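If you want the building blocks of each chain, they are given just below.
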Amino acid sequence: MDAKGWVLTAVEKLGWAGEREIVRWLDEAGEELSRLELQKALAALLAEGKLEQKGELYRRATPKGSRRAFDALFEE
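Now for a look at the structure at hand. Here the structure is a predicted model, which means the values were calculated and not measured. Throughout, a residue's number is its position along its own chain's written sequence, starting from 1. pLDDT decides what is reported in this predicted model: residues at 70 or higher carry local features, side-chain atom pairs at 80 or more are listed and counted, and totals for whole chains, interfaces and linings draw on all residues regardless. Water and hydrogen atoms play no part in the side-chain values, which are based on all heavy atoms of the structure.

## Quick notes on the overall build of the protein chain
Within the protein chain, the secondary structure is distributed over four helices and two strands. Strands are runs of DSSP state E lasting at least two residues, helices are runs of H or I lasting at least four, and both sets are numbered from the N terminus onward. The N-to-C order of helical and strand elements in the protein chain reads α-α-α-β-β-α. For every residue, the accessible area (1.4 Å probe, protein chains only) is compared with the maximum for its type, and the residue is labelled buried under 20%, exposed over 50%, or partly exposed between those bounds. Here the protein chain, with 76 residues, has 28% of them falling under the buried criterion. Put simply, of all contacts in the protein chain between residues at least 6 apart along the chain, 45% involve residues at least 24 apart. Any two residues whose heavy atoms approach within 4.5 Å at even a single point are treated as in contact.

## Section: helix α2 (residues 19-28)
Within the span of α2, buried status applies to Ile22, Val23, Trp25 and Leu26. Across the axial projection of α2, the buried residues extend over an arc of 165°, all falling on one side. For α2, exposure combined with an orientation more than 90 degrees from the buried face picks out Arg20 and Glu28. On the buried face of α2, the contacting elements are α1 (3-14), α3 (35-47) and β2 (57-60). Of the residues flanking the end of α2, it is Gly30, one or two places downstream, whose phi is positive at about 90°. For this quantity, the arc is that covered by the directions from the helix axis to the C-beta atoms.

## Thoughts on the environment of Leu45
Relative to the assigned elements, Leu45 resides in helix α3. It is 9.4 Å that separates the C-alpha atoms of Leu45 and Arg60, two residues lying 15 residues apart in sequence. Beyond its immediate sequence surroundings of up to four residues, Leu45 is in contact with Lys4, Val7, Leu8, Lys50 and Leu51.

Take a look at the structure:
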C-alpha cells in the first residue's frame, strides 16, 4: 500500500483526526511515514476529494453523489 492508502486507512479508522493521531496510528500499524510524506499524502487526498478538513482535523469525505440523489428524490 502506498502512503495515500495508509493515510486514508488511518483516517477511516480514527474518524476526525489530526496529524499526531494519524502518525500514532501508522506507527502502531507498523508503517512509518515522515511528516513531509504525511503532509503530501493529506494534500493529495484533499485535492482528490477523498478527505475533508476542518481546522487541523481530517476525516473521510462523505460521498456527494448519493447526497445529491437523496436531495433530488425528496425535493419539493
